[in-house]
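Coordinates in review
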Amino acid sequence: MGGPRIKHVDDVEAFEVCRIEYEDGRSASIYERFVERLPNFVTFYNRWDPGMLQRTHGHTGHHMVFILSGEIWVGDKHCPAGTHIFLMHGDVFGPWRAGPEGCETLGVIAGAGWSFAYQEDDEAFVELLKKEGAKRGTVPPIPRMPYSPPSPTRPWESTEPGKKFERRQP
């Protein structure tokens, strides 16, 4: 297979993947570095600006996030540096809120990795942004990377034929 693939995170291009804009002119973003992207495996490093908000969402694959520095809230759960967060394929977590210094994370997705959100979670996120005096900002499209499978046409469906995600009632 050619031995280990060794990379330093600084040698991987950073992409602005999410942005919110506040009424007072401030903005906050998430910058992501896709360290490895294979058809069924993704590793990424990302940096969250202070106060960045992200919607409740899931990914197509089992998903792990490790908080390297700073802090973040996932729903009402405080996650300081050293916290390990795990999500099963098809489940969702959030909303996310970066702390006052922002945060850095390392993530691993065992699967294609595409994100998805349920309509009601997306609507709740828009309402949260309004309460915070913010709105979604625009980010440039991310170029397709090697081994990057095409995005599913229906984000609530897995990349596995015949498997569909459905919201579970508590």
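Everything here concerns the structure above.
Residues numbered from 1 in each chain as written. Predicted model: local features only at pLDDT ≥ 70, side-chain atom pairs only at ≥ 80, totals over all residues. Heavy atoms only, no water.

Notes on the side chain of Thr 43
Inspection of the secondary structure puts Thr 43 in strand β3 (residues 41-48). For Thr 43, a relative accessible area of 13% puts it in the buried group. (Helix = DSSP H or I, 4+ residues; strand = E, 2+ residues; numbered from the N terminus. Buried < 20%, exposed > 50% of the residue type's maximum accessible area, 1.4 Å probe, protein only.)

Side note on the pattern of salt bridges
Counted by the stated rule, this structure contains nine salt bridges. Here Glu 16 ties to Arg 19 by a salt bridge, and the two come within 2.9 Å at their closest N and O atoms. Assessed through its relative accessible area of 15%, Glu 16 is described here as buried. On the accessibility criterion, Arg 19 (23% relative accessible area) is partly exposed. As a salt-bridge pair, Glu 132 and Arg 97 come within 3.2 Å of each other at their nearest N and O atoms. Residue Glu 132 is found in the loop between α1 (119-131) and β11 (134-136), and its partner Arg 97 is found in strand β9 (residues 96-110); the two are separated by 35 residues along the sequence. Under the relative-accessibility criterion, Glu 132 is labelled partly exposed at 32%. (Salt bridge = Lys/Arg side-chain N within 4 Å of Asp/Glu carboxyl O.)

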